[in-house]
Amino acid sequence: MFRCVSAASQEVTGRWLLLIHQLPPRPNYLRVKIGRHLARLGAVALKNTVYVLPRSDDAQEDFQWVLREILAAGGEATLLTAQLVDGLSDLEVERLFRAARDADYAELAQEARALGKRLARGKPTELRRRELEPEVQRLERRLDEVARVDFFAAAGREAVLGLVVDLRARVSEPVTPPPKRGRGDERNAYRGRTWVTRVDIHVDRIASAWLIRRFVDDKARFKLVPAKGYVPEAGELRFDMFEAEFSHEGDLCTFEVLCARLQLVAPGLRALAEIVHDIDLKDGKFARPETAGVAALLHGLVLAHPVDDARLARGSELFDELLAHFGSKRG
């Protein structure tokens, strides 16, 4: 159920903008045209003819352009500001937005991996790099477009960003640089710090937080912040978020990057890194038989604990247990 007022009203309190429309049966292409326009805006469908955006001046202007287009074609459209009262909750609508953007990111990741395989065939010559440059540019533009309408920080962004940044380096440089690695004693520089990541933590962030506290600093402090607009304070280190000190690099998830750069080695840790990689990146790179079971445990953990602090605490227990299991097998 929604409580709605006109978007032109002077007393606008709703969090969402709804565009309710009815298209004429002809021309046939109009439905496709309007659907593509709404997709470019990042709007998601609550019903076939009801689309939603988070309320903002820009979103209202965008919807008004679509509304005029529909009216000019002989259709009907109404723009409303809405507050959710019953039925769908705000969190459920946010999940719809994240799911839509994660689908976009997954498609981009697939294209980026395919392009990476083409670039890896034989020695990367200057001619091949020039031939693939337009495709890398297209991926970069498309990633920017999706990121602009990623209103609620879908989890897939960092993975695609790492792949696209790696492709850019490979078409720009004669040699692909290896992941940055530090000396083992570099870990001392990261003790006594506050580690910052995005709210609503899932697989890679839960695993990375455990890794930091288990192998880098057992007294590490964590701060969970909104995905966009956060400016780090002195002494803070970001992980698994945009422009973080530790995040996806190429085809490596944040967990793997932390292991590589800080030279973290322990019995069972490689097996965990491979499992976290496949769950987070969904590319089946390692295809360990235990991956599906660990993914189910983590999914249940997230569903059972909506609060991030509880996810961190339970996730730490889970990864301690998994490390003990895989360590006993020397996996």
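Residues numbered from 1 in each chain as written. Predicted model: local features only at pLDDT ≥ 70, side-chain atom pairs only at ≥ 80, totals over all residues. Heavy atoms only, no water.

### Notes on the pattern of salt bridges
Heads up, the condition is: For this analysis, a salt bridge means a side-chain nitrogen from Lys or Arg found within 4 Å of a carboxyl oxygen belonging to Asp or Glu. A run of H or I in DSSP counts as a helix once it spans at least four residues, and a run of E counts as a strand once it spans at least two, with each numbered from the N terminus. When accessible area is computed with a 1.4 Å probe and restricted to protein chains, residues below 20% of their type maximum are described as buried, those above 50% as exposed, and intermediate ones as partly exposed.
The full count for this structure, using the stated rule, is 30 salt bridges. When the shortest N-O distance is used, the salt bridge between Glu94 and Arg15 registers 2.5 Å. Residue Glu94 is found in helix α3 (residues 90-120), and its partner Arg15 is found in the loop between β1 (2-6) and β2 (16-22); the two are separated by 79 residues along the sequence. Taking relative accessible area as the criterion, Glu94 reaches 9% and is therefore assigned buried. The salt bridge involving Asp251 is made with Lys285; its shortest N-O contact spans 3.8 Å. Here Asp251, found in the loop between β8 (236-238) and α7 (254-261), pairs with Lys285, found in the loop between α8 (269-281) and α9 (291-304); they are 34 residues apart in sequence, far enough to count as distant. Overall, Asp251 belongs to the partly exposed group, its relative accessible area being 25%.

### So, the confidence of the model for the protein
Under the convention used in this document: For every residue, the pLDDT score states the predictor's confidence, bounded by 0 at the bottom and 100 at the top. Here, two residues are considered to be in contact whenever any of their heavy atoms come within 4.5 Å of each other.
Averaged over every residue, the pLDDT of the protein is 88; residues scoring 70 or more account for 90%. In this model, residues 1-11 is a region of pLDDT below 50 whose contacts with residues beyond four sequence positions or in other chains number 31 contacts.

### Quick word on the sheet that holds β8
Our working definition: Pairing between two strands is assigned when DSSP locates at least 2 bridges connecting them. Between the N-to-C directions of two axes lies an angle of 0 to 180 degrees, each axis being a line fitted to C-alpha atoms and, for a helix, fitted only over the stretch in contact.
Across the sheet, three strands lie side by side as β7-β6-β8; this open sheet has parallel pairing. In the strand order of this sheet, the two ends are held by β7 (221-225) and β8, each with one partner. If you compare each strand with its neighbour and ignore which way they point, the axes differ by 30 degrees on average. Sheet topology places strand β6 (residues 194-198) next to β7; five bridges connect them, and they run parallel. Each bridged residue has a counterpart across the sheet, and for Val196 the counterpart in β7 is Lys223.

### Brief notes about the packing of helix α4 (residues 126-148) against helix α5 (residues 157-172)
Two packed helices can be described by the angle between their axes and the distance between those axes. Rule in force here: An angle below 35 degrees is treated as roughly parallel, one above 145 as roughly antiparallel, one from 65 to 115 as roughly perpendicular, and anything else as oblique. Crossing handedness is defined as follows: a turn of the near helix away from the far one that is anticlockwise and smaller than a right angle gives a left-handed crossing, while the clockwise case is right-handed. Under the scheme applied here, ten amino acids are nonpolar (Ala, Val, Leu, Ile, Met, Phe, Trp, Tyr, Cys and Pro), four are charged (Asp, Glu, Lys and Arg), and all others, including Gly, are polar.
Close contact between α4 and α5 brings their axes to 10 Å; oriented N to C, the two are set at 155 degrees. Comparing their axes, α5 and α4 come out roughly antiparallel. The way α4 lies across α5 gives a crossing that is left-handed. Packed against α4, whose contacting residues are Arg129, Leu132, Glu133, Val136, Gln137, Leu139, Glu140, Leu143 and Ala147, the element α5 presents Arg157, Val160, Leu161, Val164, Leu167, Arg168, Arg170, Val171 and Ser172 at the interface. Residues belonging to the contact of α4 with α5 are distributed by class as follows: ten nonpolar, two polar and six charged.

### Quick notes on the side chain of Asp308
Tracing the chain through its elements places Asp308 in helix α10 (residues 308-329). Relative accessible area serves as the criterion here: at 12%, Asp308 is assigned to the buried category.

### Focus on the environment of His325
Within the secondary structure, His325 is located in helix α10. Residue classification places His325 among the partly exposed positions, given a relative accessible area of 36%. The sequence separation of His325 and Gly268 amounts to 57 residues, and the corresponding C-alpha distance is 7.5 Å.

### Section: the packing of helix α6 (residues 203-216) against α8
As a packed pair, α6 and α8 sit with axes 9 Å apart at the nearest point and diverge in direction by 155 degrees. In terms of their interaxial angle, α6 and α8 are classed as roughly antiparallel. Both α6 and α8 take part in a crossing whose hand is left-handed. Each of Val203, Asp204, Ala207, Trp210, Leu211 and Phe215 in α6 lies in contact with α8, whose residues at this interface are Leu269, Leu272, Val276, Ile279 and Asp280.

### A short note on the packing of aromatic side chains
Cut-off, in case you're wondering: Note on ring pairs: Phe, Tyr and Trp rings are taken, using the six-membered ring of Trp, and paired if centres are within 6.5 Å. Classes follow the plane angle, with under 30 degrees stacked, over 60 edge-to-face and the rest tilted. A ring is considered to have a charge above it if a Lys NZ or an Arg CZ atom is located within 6 Å of its centre and within 35 degrees of its normal.
Evaluation of the coordinates by the stated rule reveals twelve aromatic pairs. When the centroid spacing of 6.3 Å and the interplanar angle of 65 degrees are considered together, the rings of Trp195 and Phe239 count as edge-to-face. Taken together, the residues span a long stretch of sequence, with Trp195 in strand β6 and Phe239 in the loop between β8 and α7 at a distance of 44 residues. Each member of the pair, Trp195 as well as Phe239, is classed as buried. Pairwise contacts between aromatic rings join Tyr190, Trp195, Phe222, Phe239 and Phe246 into one cluster. Its end group placed over the ring of Trp65, Arg68 keeps NZ or CZ at 5.2 Å from the ring centre. A cation over an aromatic ring shows up here: Arg157 above the ring of Phe242, its NZ or CZ 4.3 Å from the ring centre.

### A word on the pairing of strand β4 (residues 50-54)
Among the five residues in β4, five count as buried, and that is most of the element. Side chains of β4 alternate between two faces, with Val50, Val52 and Pro54 and Tyr51 and Leu53 buried alike. Relative to β4, β2 runs antiparallel, the two sharing five bridges. Bridging from a neighbouring strand, Leu18 pairs with Val52 of β4. The antiparallel hairpin formed by strand β3 (residues 44-47) and β4 contains two residues in its connecting segment.

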